[in-house]
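Below, each chain spelled out in residue letters.
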Amino acid sequence: MTVEGTVSGLEERVVGRAWMVRLDPADRGGAAVRVSCGRPACAPQVLPSAAVGRTAAVAHLATHLRAAPGPRPEASCACRAEECHTHVRADGPRDRAPALRCGGPVVLAVINDRQGRWWQALECCARCAAAHPSAKIVATAPAATARATAGPAPAAGTRGAAGPPPAPVGPHFSHATSSPAPVPVPRAAPAPRTKPRRNRRTGKIAQRFVPHDLHPIALRDELIELGNLFRAYQERPEPDLEQLAELHSRKAKAFRTWAEVTGETELRLDAERAEQAAAAALLQHQQRTGQSPVGEGEVTNRLLPGLTQWDHARTVLAHVAEHTPLPGPEARLMAVMLTLRSALTGTGNLVGQDVRGLPLTDPEELIGRLVDSGWLSIPGTADDLLESRPESPTPITIPSLMPDDGQGPFDFGRKTRPKLSGWAQRVVGDKKLRKKKTGAATRLLALALAVRTTTDGRLGPEGEGVDLAVLTSWCAVEPDELEPLVEQLTVADWLEEAAVADGRLTGRLAERVLQVSCPLP
(Lines give C-alpha, C1' and ligand atoms only; values in the text may rest on other atoms or scores of the structure.)
Protein backbone atom coordinates (compact mmCIF):
# COMPACT_ATOMS: atom_id res chain seq x y z
CA MET A 1 0.00 0.00 0.00
CA THR A 2 1.38 3.44 -0.89
CA VAL A 3 2.22 5.56 2.14
CA GLU A 4 2.56 9.34 1.78
CA GLY A 5 2.40 12.18 4.27
CA THR A 6 4.61 14.25 6.59
CA VAL A 7 6.09 13.83 10.04
CA SER A 8 7.42 16.36 12.54
CA GLY A 9 11.14 16.62 13.34
CA LEU A 10 13.75 19.29 12.89
CA GLU A 11 11.82 20.20 9.73
CA GLU A 12 8.81 19.02 7.81
CA ARG A 13 9.84 15.92 5.81
CA VAL A 14 7.88 13.86 3.27
CA VAL A 15 7.37 10.22 4.24
CA GLY A 16 8.94 7.88 1.70
CA ARG A 17 6.86 5.89 -0.74
CA ALA A 18 6.21 2.16 -0.21
CA TRP A 19 4.20 -0.46 -2.03
CA MET A 20 4.12 -4.26 -2.12
CA VAL A 21 3.44 -7.02 -4.68
CA ARG A 22 2.16 -10.27 -3.11
CA LEU A 23 1.78 -13.89 -4.24
CA ASP A 24 -1.06 -15.79 -2.49
CA PRO A 25 -2.92 -19.09 -3.17
CA ALA A 26 -5.94 -18.54 -5.41
CA ASP A 27 -7.92 -21.53 -4.12
CA ARG A 28 -7.54 -24.16 -1.44
CA GLY A 29 -5.68 -27.25 -2.55
CA GLY A 30 -5.05 -25.97 -6.10
CA ALA A 31 -1.87 -24.84 -7.84
CA ALA A 32 -3.25 -21.49 -9.02
CA VAL A 33 -1.93 -18.30 -7.36
CA ARG A 34 -3.12 -14.70 -7.13
CA VAL A 35 -0.75 -11.79 -7.79
CA SER A 36 -1.87 -8.54 -6.10
CA CYS A 37 -0.27 -5.10 -5.96
CA GLY A 38 -0.59 -2.39 -3.30
CA ARG A 39 -1.14 0.30 -5.93
CA PRO A 40 -4.87 1.19 -6.09
CA ALA A 41 -5.06 1.05 -9.90
CA CYS A 42 -3.63 -2.50 -10.17
CA ALA A 43 -6.15 -5.34 -10.42
CA PRO A 44 -5.24 -8.81 -9.09
CA GLN A 45 -4.18 -11.54 -11.54
CA VAL A 46 -4.85 -15.30 -11.21
CA LEU A 47 -2.11 -17.49 -12.72
CA PRO A 48 -1.87 -21.29 -13.05
CA SER A 49 1.27 -22.00 -10.98
CA ALA A 50 3.66 -20.47 -8.46
CA ALA A 51 6.53 -20.36 -10.96
CA VAL A 52 4.43 -18.40 -13.47
CA GLY A 53 3.13 -16.19 -10.65
CA ARG A 54 6.63 -15.29 -9.45
CA THR A 55 7.68 -14.32 -12.96
CA ALA A 56 4.58 -12.14 -13.38
CA ALA A 57 5.03 -10.53 -9.94
CA VAL A 58 8.66 -9.60 -10.60
CA ALA A 59 7.77 -8.21 -14.03
CA HIS A 60 4.88 -6.19 -12.53
CA LEU A 61 7.13 -4.68 -9.86
CA ALA A 62 9.81 -3.88 -12.46
CA THR A 63 7.21 -1.99 -14.52
CA HIS A 64 6.33 0.15 -11.49
CA LEU A 65 9.99 0.84 -10.75
CA ARG A 66 10.66 1.97 -14.32
CA ALA A 67 7.62 4.26 -14.30
CA ALA A 68 8.13 5.71 -10.78
CA PRO A 69 10.27 8.82 -10.24
CA GLY A 70 13.60 8.40 -8.51
CA PRO A 71 14.09 8.66 -4.73
CA ARG A 72 13.70 12.17 -3.26
CA PRO A 73 16.53 13.62 -1.16
CA GLU A 74 14.04 15.19 1.27
CA ALA A 75 12.10 11.94 1.93
CA SER A 76 12.21 10.21 5.29
CA CYS A 77 12.27 6.43 5.73
CA ALA A 78 9.06 4.67 4.77
CA CYS A 79 9.95 1.77 7.05
CA ARG A 80 10.08 4.06 10.11
CA ALA A 81 6.56 5.27 9.33
CA GLU A 82 5.48 1.62 9.50
CA GLU A 83 7.31 1.16 12.85
CA CYS A 84 9.57 -1.64 11.67
CA HIS A 85 11.76 -3.62 14.07
CA THR A 86 14.92 -1.77 12.98
CA HIS A 87 13.54 1.52 14.36
CA VAL A 88 11.52 0.36 17.36
CA ARG A 89 13.27 -1.21 20.33
CA ALA A 90 11.82 -4.59 21.30
CA ASP A 91 10.16 -4.85 24.72
CA GLY A 92 11.75 -7.12 27.30
CA PRO A 93 15.12 -7.76 28.93
CA ARG A 94 16.71 -9.43 25.87
CA ASP A 95 16.87 -6.49 23.51
CA ARG A 96 19.29 -7.54 20.80
CA ALA A 97 20.38 -4.02 19.80
CA PRO A 98 19.25 -0.40 20.11
CA ALA A 99 16.89 1.02 17.53
CA LEU A 100 18.54 1.85 14.19
CA ARG A 101 19.60 5.44 13.52
CA CYS A 102 19.08 6.48 9.92
CA GLY A 103 21.91 7.75 7.78
CA GLY A 104 23.28 7.95 4.27
CA PRO A 105 21.56 9.07 1.06
CA VAL A 106 17.94 8.28 0.31
CA VAL A 107 17.57 5.21 -1.91
CA LEU A 108 14.79 3.29 -3.62
CA ALA A 109 15.19 -0.33 -2.45
CA VAL A 110 13.40 -3.63 -3.07
CA ILE A 111 13.17 -6.27 -0.33
CA ASN A 112 11.57 -9.71 -0.43
CA ASP A 113 11.09 -12.79 1.71
CA ARG A 114 13.09 -15.99 1.21
CA GLN A 115 10.06 -18.00 0.09
CA GLY A 116 9.30 -15.61 -2.78
CA ARG A 117 5.83 -14.67 -1.51
CA TRP A 118 6.12 -10.86 -1.54
CA TRP A 119 8.28 -8.04 -2.89
CA GLN A 120 8.25 -4.52 -1.37
CA ALA A 121 9.63 -1.31 -2.86
CA LEU A 122 10.29 1.57 -0.48
CA GLU A 123 12.10 4.89 -0.14
CA CYS A 124 14.49 4.77 2.80
CA CYS A 125 17.98 5.72 3.83
CA ALA A 126 21.00 3.66 2.84
CA ARG A 127 21.49 2.45 6.43
CA CYS A 128 17.93 1.08 6.66
CA ALA A 129 18.33 -0.62 3.29
CA ALA A 130 21.53 -2.28 4.53
CA ALA A 131 19.64 -3.62 7.58
CA HIS A 132 17.58 -5.87 5.27
CA PRO A 133 19.61 -8.89 4.06
CA SER A 134 17.57 -9.22 0.86
CA ALA A 135 17.52 -5.51 -0.04
CA LYS A 136 18.54 -4.49 -3.56
CA ILE A 137 19.18 -0.81 -4.33
CA VAL A 138 17.34 0.32 -7.47
CA ALA A 139 18.28 4.02 -7.44
CA THR A 140 19.98 6.58 -5.17
CA ALA A 141 18.85 10.18 -4.67
CA PRO A 142 21.23 12.96 -5.74
CA ALA A 143 22.87 14.97 -2.95
CA ALA A 144 20.84 17.95 -1.78
CA THR A 145 22.17 21.41 -2.69
CA ALA A 146 23.76 23.50 0.05
CA ARG A 147 21.04 26.11 -0.16
CA ALA A 148 18.27 23.59 0.06
CA THR A 149 19.81 21.83 3.03
CA ALA A 150 20.82 24.98 4.91
CA GLY A 151 17.27 26.33 5.18
CA PRO A 152 15.95 29.82 4.25
CA ALA A 153 18.42 32.77 4.18
CA PRO A 154 18.07 35.39 6.97
CA ALA A 155 16.41 38.68 6.10
CA ALA A 156 18.61 41.59 5.04
CA GLY A 157 19.67 43.98 7.83
CA THR A 158 19.40 41.45 10.62
CA ARG A 159 22.21 40.44 12.93
CA GLY A 160 22.75 37.19 11.20
CA ALA A 161 23.24 38.84 7.83
CA ALA A 162 26.68 40.21 8.74
CA GLY A 163 27.98 36.94 10.14
CA PRO A 164 29.62 34.09 8.27
CA PRO A 165 27.41 31.95 6.04
CA PRO A 166 25.78 29.02 7.80
CA ALA A 167 27.41 25.66 7.56
CA PRO A 168 25.78 23.32 5.03
CA VAL A 169 23.52 20.69 6.56
CA GLY A 170 23.15 17.10 5.22
CA PRO A 171 19.73 15.52 4.63
CA HIS A 172 17.78 14.59 7.75
CA PHE A 173 16.00 11.26 8.12
CA SER A 174 13.39 9.83 10.41
CA HIS A 175 15.46 9.31 13.57
CA ALA A 176 15.20 11.73 16.48
CA THR A 177 18.35 13.56 17.60
CA SER A 178 19.29 14.67 21.11
CA SER A 179 20.42 18.13 19.90
CA PRO A 180 18.36 20.48 17.72
CA ALA A 181 21.49 21.64 15.89
CA PRO A 182 21.88 20.17 12.39
CA VAL A 183 24.89 18.00 11.67
CA PRO A 184 27.34 19.83 9.39
CA VAL A 185 28.73 18.06 6.39
CA PRO A 186 31.98 18.89 4.64
CA ARG A 187 31.82 20.87 1.42
CA ALA A 188 34.58 19.01 -0.34
CA ALA A 189 33.77 15.71 -2.02
CA PRO A 190 35.75 12.68 -0.86
CA ALA A 191 38.78 11.78 -2.92
CA PRO A 192 38.12 9.08 -5.52
CA ARG A 193 39.44 5.61 -4.89
CA THR A 194 42.86 5.02 -6.33
CA LYS A 195 42.13 1.31 -6.92
CA PRO A 196 38.91 -0.08 -8.40
CA ARG A 197 36.76 -2.23 -6.13
CA ARG A 198 37.36 -5.93 -6.71
CA ASN A 199 34.54 -7.97 -8.15
CA ARG A 200 33.47 -10.21 -5.27
CA ARG A 201 30.75 -12.12 -7.07
CA THR A 202 29.98 -15.38 -5.27
CA GLY A 203 27.46 -18.17 -5.53
CA LYS A 204 26.63 -21.70 -4.45
CA ILE A 205 26.33 -25.01 -6.29
CA ALA A 206 25.86 -28.53 -4.93
CA GLN A 207 26.19 -27.31 -1.31
CA ARG A 208 29.55 -25.73 -2.20
CA PHE A 209 30.31 -22.01 -2.08
CA VAL A 210 32.07 -20.67 -5.16
CA PRO A 211 35.07 -18.56 -3.99
CA HIS A 212 34.95 -14.94 -5.13
CA ASP A 213 38.63 -15.08 -6.07
CA LEU A 214 38.39 -18.30 -8.12
CA HIS A 215 40.28 -18.11 -11.40
CA PRO A 216 39.76 -18.26 -14.28
CA ILE A 217 36.83 -15.85 -13.93
CA ALA A 218 34.95 -17.70 -16.69
CA LEU A 219 34.96 -20.84 -14.50
CA ARG A 220 33.65 -18.90 -11.49
CA ASP A 221 30.85 -17.35 -13.58
CA GLU A 222 29.94 -20.76 -15.05
CA LEU A 223 29.67 -22.37 -11.59
CA ILE A 224 27.52 -19.51 -10.26
CA GLU A 225 25.25 -19.65 -13.31
CA LEU A 226 24.89 -23.44 -13.01
CA GLY A 227 23.92 -23.12 -9.35
CA ASN A 228 21.19 -20.63 -10.27
CA LEU A 229 19.97 -22.86 -13.12
CA PHE A 230 19.75 -25.93 -10.87
CA ARG A 231 17.72 -23.97 -8.30
CA ALA A 232 15.44 -22.67 -11.04
CA TYR A 233 14.97 -26.22 -12.34
CA GLN A 234 13.84 -27.40 -8.89
CA GLU A 235 11.00 -24.87 -9.03
CA ARG A 236 9.67 -26.18 -12.36
CA PRO A 237 6.14 -27.61 -12.14
CA GLU A 238 7.07 -30.43 -14.57
CA PRO A 239 10.44 -32.19 -15.02
CA ASP A 240 12.46 -31.82 -18.23
CA LEU A 241 14.94 -34.70 -18.30
CA GLU A 242 16.66 -33.44 -21.44
CA GLN A 243 17.39 -30.09 -19.78
CA LEU A 244 18.48 -31.85 -16.58
CA ALA A 245 20.92 -34.02 -18.54
CA GLU A 246 22.42 -30.92 -20.15
CA LEU A 247 22.83 -29.22 -16.74
CA HIS A 248 24.58 -32.28 -15.26
CA SER A 249 26.86 -32.46 -18.31
CA ARG A 250 27.86 -28.80 -17.89
CA LYS A 251 28.37 -29.38 -14.15
CA ALA A 252 30.67 -32.35 -14.83
CA LYS A 253 32.82 -30.29 -17.19
CA ALA A 254 32.96 -27.30 -14.80
CA PHE A 255 33.79 -29.46 -11.75
CA ARG A 256 36.55 -31.24 -13.64
CA THR A 257 38.14 -27.88 -14.48
CA TRP A 258 37.64 -26.74 -10.87
CA ALA A 259 39.43 -29.88 -9.64
CA GLU A 260 42.36 -29.22 -11.99
CA VAL A 261 42.66 -25.65 -10.69
CA THR A 262 42.49 -26.50 -6.99
CA GLY A 263 43.78 -30.08 -6.97
CA GLU A 264 40.84 -31.32 -4.80
CA THR A 265 40.03 -34.99 -5.27
CA GLU A 266 36.46 -34.56 -4.02
CA LEU A 267 35.71 -32.17 -6.89
CA ARG A 268 36.91 -34.76 -9.39
CA LEU A 269 34.62 -37.36 -7.81
CA ASP A 270 31.72 -34.90 -8.00
CA ALA A 271 32.46 -34.46 -11.71
CA GLU A 272 32.27 -38.23 -12.25
CA ARG A 273 28.97 -38.42 -10.38
CA ALA A 274 27.60 -35.57 -12.51
CA GLU A 275 28.58 -37.46 -15.67
CA GLN A 276 26.70 -40.54 -14.45
CA ALA A 277 23.65 -38.41 -13.57
CA ALA A 278 23.72 -36.82 -17.03
CA ALA A 279 23.84 -40.23 -18.75
CA ALA A 280 21.00 -41.58 -16.58
CA ALA A 281 18.77 -38.53 -17.18
CA LEU A 282 19.39 -38.65 -20.94
CA LEU A 283 18.60 -42.37 -21.10
CA GLN A 284 15.34 -41.81 -19.17
CA HIS A 285 14.41 -39.00 -21.55
CA GLN A 286 15.09 -41.17 -24.59
CA GLN A 287 13.10 -44.07 -23.18
CA ARG A 288 10.13 -41.87 -22.24
CA THR A 289 10.05 -40.38 -25.73
CA GLY A 290 10.44 -43.74 -27.47
CA GLN A 291 14.12 -43.23 -28.30
CA SER A 292 17.12 -45.33 -27.34
CA PRO A 293 20.80 -45.10 -28.25
CA VAL A 294 21.87 -47.15 -31.27
CA GLY A 295 25.41 -46.02 -31.87
CA GLU A 296 27.65 -43.04 -31.39
CA GLY A 297 25.29 -40.07 -31.27
CA GLU A 298 22.40 -42.00 -32.89
CA VAL A 299 18.96 -42.84 -31.50
CA THR A 300 15.98 -44.81 -32.77
CA ASN A 301 12.28 -44.05 -32.33
CA ARG A 302 10.58 -47.20 -31.05
CA LEU A 303 6.99 -48.19 -31.61
CA LEU A 304 6.62 -49.01 -27.91
CA PRO A 305 8.29 -46.23 -25.87
CA GLY A 306 9.66 -46.97 -22.44
CA LEU A 307 10.72 -49.85 -20.21
CA THR A 308 7.21 -50.40 -18.82
CA GLN A 309 5.59 -51.19 -22.16
CA TRP A 310 8.52 -53.41 -23.16
CA ASP A 311 7.98 -55.43 -19.98
CA HIS A 312 4.25 -55.68 -20.72
CA ALA A 313 5.00 -57.11 -24.18
CA ARG A 314 7.23 -59.81 -22.64
CA THR A 315 4.53 -60.56 -20.04
CA VAL A 316 1.87 -61.19 -22.71
CA LEU A 317 4.14 -63.51 -24.72
CA ALA A 318 5.10 -65.46 -21.58
CA HIS A 319 1.41 -65.84 -20.63
CA VAL A 320 0.53 -67.19 -24.08
CA ALA A 321 3.43 -69.67 -23.94
CA GLU A 322 2.00 -71.15 -20.73
CA HIS A 323 -1.71 -71.09 -21.68
CA THR A 324 -1.89 -72.04 -25.37
CA PRO A 325 -4.83 -74.49 -25.67
CA LEU A 326 -3.58 -76.34 -28.80
CA PRO A 327 -0.13 -77.51 -29.98
CA GLY A 328 1.65 -76.18 -33.03
CA PRO A 329 2.96 -72.77 -34.16
CA GLU A 330 -0.26 -71.75 -35.93
CA ALA A 331 -2.34 -72.19 -32.77
CA ARG A 332 0.34 -70.33 -30.77
CA LEU A 333 0.34 -67.37 -33.22
CA MET A 334 -3.48 -67.24 -33.23
CA ALA A 335 -3.51 -67.28 -29.42
CA VAL A 336 -1.08 -64.32 -29.30
CA MET A 337 -3.21 -62.14 -31.55
CA LEU A 338 -6.52 -63.03 -29.85
CA THR A 339 -5.03 -62.53 -26.37
CA LEU A 340 -3.90 -59.02 -27.27
CA ARG A 341 -7.39 -58.23 -28.60
CA SER A 342 -9.11 -59.15 -25.31
CA ALA A 343 -6.34 -58.89 -22.70
CA LEU A 344 -8.05 -56.71 -20.06
CA THR A 345 -11.67 -57.85 -19.93
CA GLY A 346 -11.56 -61.19 -21.75
CA THR A 347 -13.73 -59.74 -24.53
CA GLY A 348 -12.94 -58.01 -27.82
CA ASN A 349 -13.87 -57.62 -31.45
CA LEU A 350 -12.48 -59.42 -34.49
CA VAL A 351 -13.02 -59.17 -38.25
CA GLY A 352 -12.26 -61.66 -40.97
CA GLN A 353 -9.29 -59.69 -42.32
CA ASP A 354 -7.53 -59.97 -38.94
CA VAL A 355 -7.52 -63.76 -39.26
CA ARG A 356 -6.93 -64.04 -43.01
CA GLY A 357 -3.85 -61.79 -42.68
CA LEU A 358 -2.12 -64.46 -40.58
CA PRO A 359 -0.09 -67.28 -42.22
CA LEU A 360 -2.61 -70.06 -41.36
CA THR A 361 -3.17 -73.23 -43.40
CA ASP A 362 -6.89 -73.59 -42.55
CA PRO A 363 -8.11 -70.65 -40.41
CA GLU A 364 -11.71 -71.89 -40.29
CA GLU A 365 -10.65 -75.28 -38.95
CA LEU A 366 -8.30 -73.68 -36.38
CA ILE A 367 -11.03 -71.36 -35.06
CA GLY A 368 -13.35 -74.35 -34.73
CA ARG A 369 -10.76 -76.25 -32.70
CA LEU A 370 -10.19 -73.27 -30.37
CA VAL A 371 -13.96 -72.98 -29.81
CA ASP A 372 -14.29 -76.73 -29.19
CA SER A 373 -11.49 -76.58 -26.60
CA GLY A 374 -13.42 -73.96 -24.60
CA TRP A 375 -10.59 -71.43 -24.82
CA LEU A 376 -12.51 -69.22 -27.30
CA SER A 377 -16.20 -68.32 -27.50
CA ILE A 378 -17.94 -66.64 -30.48
CA PRO A 379 -21.67 -66.01 -31.09
CA GLY A 380 -21.82 -67.69 -34.53
CA THR A 381 -19.74 -70.03 -36.61
CA ALA A 382 -16.12 -69.74 -37.71
CA ASP A 383 -17.31 -68.98 -41.23
CA ASP A 384 -19.38 -66.05 -39.92
CA LEU A 385 -16.29 -64.66 -38.19
CA LEU A 386 -14.20 -64.91 -41.36
CA GLU A 387 -16.89 -63.08 -43.34
CA SER A 388 -17.34 -60.25 -40.79
CA ARG A 389 -16.31 -56.74 -41.85
CA PRO A 390 -15.08 -53.70 -39.89
CA GLU A 391 -18.55 -52.13 -39.78
CA SER A 392 -19.95 -55.27 -38.10
CA PRO A 393 -17.12 -57.03 -36.19
CA THR A 394 -17.60 -60.34 -34.42
CA PRO A 395 -17.45 -60.18 -30.60
CA ILE A 396 -15.12 -62.79 -29.08
CA THR A 397 -14.69 -63.97 -25.49
CA ILE A 398 -11.72 -65.69 -23.85
CA PRO A 399 -12.97 -66.91 -20.44
CA SER A 400 -9.47 -67.44 -19.00
CA LEU A 401 -8.73 -63.71 -19.42
CA MET A 402 -11.87 -62.43 -17.70
CA PRO A 403 -11.07 -60.68 -14.38
CA ASP A 404 -11.61 -62.76 -11.25
CA ASP A 405 -12.57 -60.57 -8.26
CA GLY A 406 -11.65 -57.52 -10.32
CA GLN A 407 -8.13 -58.76 -11.12
CA GLY A 408 -7.05 -60.22 -14.47
CA PRO A 409 -3.72 -61.76 -15.56
CA PHE A 410 -2.39 -58.39 -16.83
CA ASP A 411 -1.96 -55.08 -15.02
CA PHE A 412 -1.52 -52.60 -17.88
CA GLY A 413 -4.14 -49.97 -18.69
CA ARG A 414 -6.73 -49.54 -21.41
CA LYS A 415 -4.50 -47.22 -23.45
CA THR A 416 -1.61 -49.69 -23.40
CA ARG A 417 -3.56 -52.70 -24.75
CA PRO A 418 -4.12 -51.30 -28.29
CA LYS A 419 -0.48 -50.22 -28.43
CA LEU A 420 0.67 -53.76 -27.63
CA SER A 421 -1.76 -55.20 -30.14
CA GLY A 422 -0.56 -52.80 -32.84
CA TRP A 423 3.05 -53.65 -32.04
CA ALA A 424 2.46 -57.41 -32.44
CA GLN A 425 0.52 -56.83 -35.68
CA ARG A 426 3.43 -54.76 -36.99
CA VAL A 427 5.93 -57.57 -36.27
CA VAL A 428 3.78 -60.43 -37.56
CA GLY A 429 2.62 -58.50 -40.62
CA ASP A 430 6.05 -57.20 -41.63
CA LYS A 431 6.10 -56.49 -45.36
CA LYS A 432 9.22 -58.51 -46.16
CA LEU A 433 8.06 -61.45 -44.03
CA ARG A 434 4.83 -61.50 -46.02
CA LYS A 435 6.65 -61.24 -49.36
CA LYS A 436 8.85 -64.21 -48.47
CA LYS A 437 5.70 -66.17 -47.54
CA THR A 438 7.13 -67.10 -44.14
CA GLY A 439 5.05 -69.38 -41.92
CA ALA A 440 3.66 -69.02 -38.41
CA ALA A 441 6.83 -70.43 -36.79
CA THR A 442 9.00 -67.77 -38.49
CA ARG A 443 6.65 -65.00 -37.33
CA LEU A 444 6.77 -66.38 -33.78
CA LEU A 445 10.58 -66.38 -33.92
CA ALA A 446 10.49 -62.72 -35.02
CA LEU A 447 8.32 -61.89 -31.98
CA ALA A 448 10.63 -63.80 -29.65
CA LEU A 449 13.75 -62.03 -30.90
CA ALA A 450 12.12 -58.58 -30.84
CA VAL A 451 11.76 -58.76 -27.04
CA ARG A 452 15.22 -60.25 -26.38
CA THR A 453 17.69 -57.60 -27.58
CA THR A 454 19.92 -54.87 -26.23
CA THR A 455 19.26 -51.22 -27.02
CA ASP A 456 21.49 -51.42 -30.11
CA GLY A 457 19.75 -54.60 -31.39
CA ARG A 458 22.20 -57.33 -30.32
CA LEU A 459 20.45 -60.59 -29.37
CA GLY A 460 20.21 -61.64 -25.73
CA PRO A 461 21.20 -59.93 -22.50
CA GLU A 462 24.40 -57.93 -22.99
CA GLY A 463 24.45 -59.23 -26.58
CA GLU A 464 25.45 -62.75 -25.48
CA GLY A 465 22.78 -64.50 -27.58
CA VAL A 466 19.53 -66.37 -26.87
CA ASP A 467 19.21 -69.95 -25.66
CA LEU A 468 18.00 -72.24 -28.48
CA ALA A 469 15.84 -74.27 -26.09
CA VAL A 470 13.85 -71.13 -25.21
CA LEU A 471 13.29 -70.30 -28.88
CA THR A 472 12.22 -73.81 -29.93
CA SER A 473 9.80 -74.00 -27.01
CA TRP A 474 8.25 -70.65 -27.90
CA CYS A 475 8.00 -71.37 -31.64
CA ALA A 476 6.58 -74.87 -30.95
CA VAL A 477 9.10 -76.52 -33.32
CA GLU A 478 11.78 -79.20 -33.06
CA PRO A 479 15.42 -78.12 -32.46
CA ASP A 480 16.52 -79.12 -35.98
CA GLU A 481 13.78 -76.89 -37.45
CA LEU A 482 15.13 -73.71 -35.89
CA GLU A 483 18.09 -73.06 -38.21
CA PRO A 484 15.88 -72.85 -41.35
CA LEU A 485 13.71 -70.31 -39.54
CA VAL A 486 16.82 -68.23 -38.74
CA GLU A 487 17.84 -68.36 -42.40
CA GLN A 488 14.38 -67.12 -43.45
CA LEU A 489 14.64 -64.15 -41.10
CA THR A 490 18.12 -63.36 -42.47
CA VAL A 491 16.87 -63.47 -46.07
CA ALA A 492 13.94 -61.21 -45.11
CA ASP A 493 16.43 -58.63 -43.75
CA TRP A 494 15.22 -59.16 -40.19
CA LEU A 495 18.48 -60.59 -38.79
CA GLU A 496 22.15 -59.76 -39.42
CA GLU A 497 25.31 -61.69 -38.51
CA ALA A 498 23.13 -64.56 -37.25
CA ALA A 499 24.97 -67.68 -36.05
CA VAL A 500 23.88 -70.81 -34.19
CA ALA A 501 26.64 -72.22 -31.98
CA ASP A 502 27.05 -73.74 -28.53
CA GLY A 503 23.30 -73.92 -27.98
CA ARG A 504 22.76 -70.16 -28.54
CA LEU A 505 21.63 -67.88 -31.35
CA THR A 506 23.80 -64.78 -31.69
CA GLY A 507 23.59 -61.83 -34.05
CA ARG A 508 21.62 -58.62 -34.18
CA LEU A 509 18.37 -57.23 -35.54
CA ALA A 510 18.56 -55.38 -38.83
CA GLU A 511 18.47 -51.60 -38.55
CA ARG A 512 15.12 -51.42 -40.34
CA VAL A 513 13.34 -53.39 -37.56
CA LEU A 514 14.99 -51.77 -34.54
CA GLN A 515 11.87 -49.63 -34.07
CA VAL A 516 9.79 -52.71 -33.14
CA SER A 517 12.35 -54.08 -30.67
CA CYS A 518 11.74 -54.12 -26.91
CA PRO A 519 15.22 -54.03 -25.29
CA LEU A 520 15.94 -55.97 -22.13
CA PRO A 521 16.56 -53.92 -18.96
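In case you missed it, the structure is sitting above this.
Residues numbered from 1 in each chain as written. Predicted model: local features only at pLDDT ≥ 70, side-chain atom pairs only at ≥ 80, totals over all residues. Heavy atoms only, no water.

K.L.:
Could you clarify how one ought to interpret the overall build of the protein in this entry?
P.N.:
When helices and strands are tallied, the protein shows 18 helices and 18 strands. Within the protein, the fraction of its 521 residues that count as buried is 39%. Considering only residue pairs separated by 6 or more positions, the protein has 57% of its internal contacts joining residues 24 or more positions apart. Of the roughly 29,500 Å² of accessible surface on the protein, a fraction of 52% belongs to carbon and sulfur atoms. (Helix = DSSP H or I, 4+ residues; strand = E, 2+ residues; numbered from the N terminus. Buried < 20%, exposed > 50% of the residue type's maximum accessible area, 1.4 Å probe, protein only. Contact = heavy atoms within 4.5 Å. Areas by Shrake-Rupley, 256 points an atom, 1.4 Å probe, with all protein chains shown as cover.)

K.L.:
Any chance you could explain the pairing of strand β7 (residues 106-112) here in plain terms?
P.N.:
Side-chain positions along a regular strand alternate between the two faces of the sheet. Most of β7 is tucked away, with 6 of its 7 residues classed as buried. Note: β7 against strand β8 (residues 118-125), 7 bridges, orientation antiparallel. Among the inter-strand pairings, Ala109 is bridged to a residue of β8, identified as Leu122. Hairpin geometry of β7 and β8 is characterised by an intervening segment of 5 residues between the two adjacent antiparallel strands and by a positive phi of about 70° at Gly116. (Pairing = 2+ DSSP bridges.)

K.L.:
Whenever I open this one, the packing of aromatic side chains confuses me. Can you help?
P.N.:
Think of a pair of aromatic rings as described by two things: how far the centres are apart, and how the planes are tilted against each other in angle. Summed over the entire model, instances satisfying the criterion amount to 2 aromatic pairs. On the numbers, 5.5 Å between centres and 75° between planes, the contact of Phe255 with Trp258 is edge-to-face. Of the two residues, Phe255 and Trp258 are both situated in helix α7 (residues 241-262); the distance of 3 residues between them amounts to about one turn of the helix. Residue classification places Phe255 among the buried residues on the basis of a relative accessible area of 0%. For Trp258, a relative accessible area of 6% gives the class buried. Between Phe410 and Phe412, the aromatic rings sit 5.5 Å apart at their centres with planes inclined by 25°, giving stacked as the arrangement. A relative accessible area of 8% places Phe410 in the buried class. (Phe/Tyr/Trp six-rings, centres within 6.5 Å; stacked < 30°, edge-to-face > 60°.)

K.L.:
Help me out: how do you make sense of the packing of helix α10 (residues 329-341) against helix α12 (residues 363-372) in this one?
P.N.:
Each pair of packed helices can be summarised by the angle the axes make with each other and by the distance between the axes. The interhelical angle for the contact between α10 and α12, taken along N-to-C directions, is 70°, at an axis separation of 11 Å. Of the possible angle classes, the one that applies to α10 and α12 is roughly perpendicular. Across the interface between the two elements, Glu330, Ala331, Met334 and Leu338 from α10 touch Leu366, Ile367 and Leu370 from α12. Taken together, the residues of the contact of α10 with α12 sort by class into 6 nonpolar, no polar and 1 charged. (Axes fitted to C-alpha atoms, helices over the stretch in contact; angles between N-to-C directions. Parallel < 35°, antiparallel > 145°, perpendicular 65-115°, else oblique. Nonpolar A, V, L, I, M, F, W, Y, C, P; charged D, E, K, R; others polar.)

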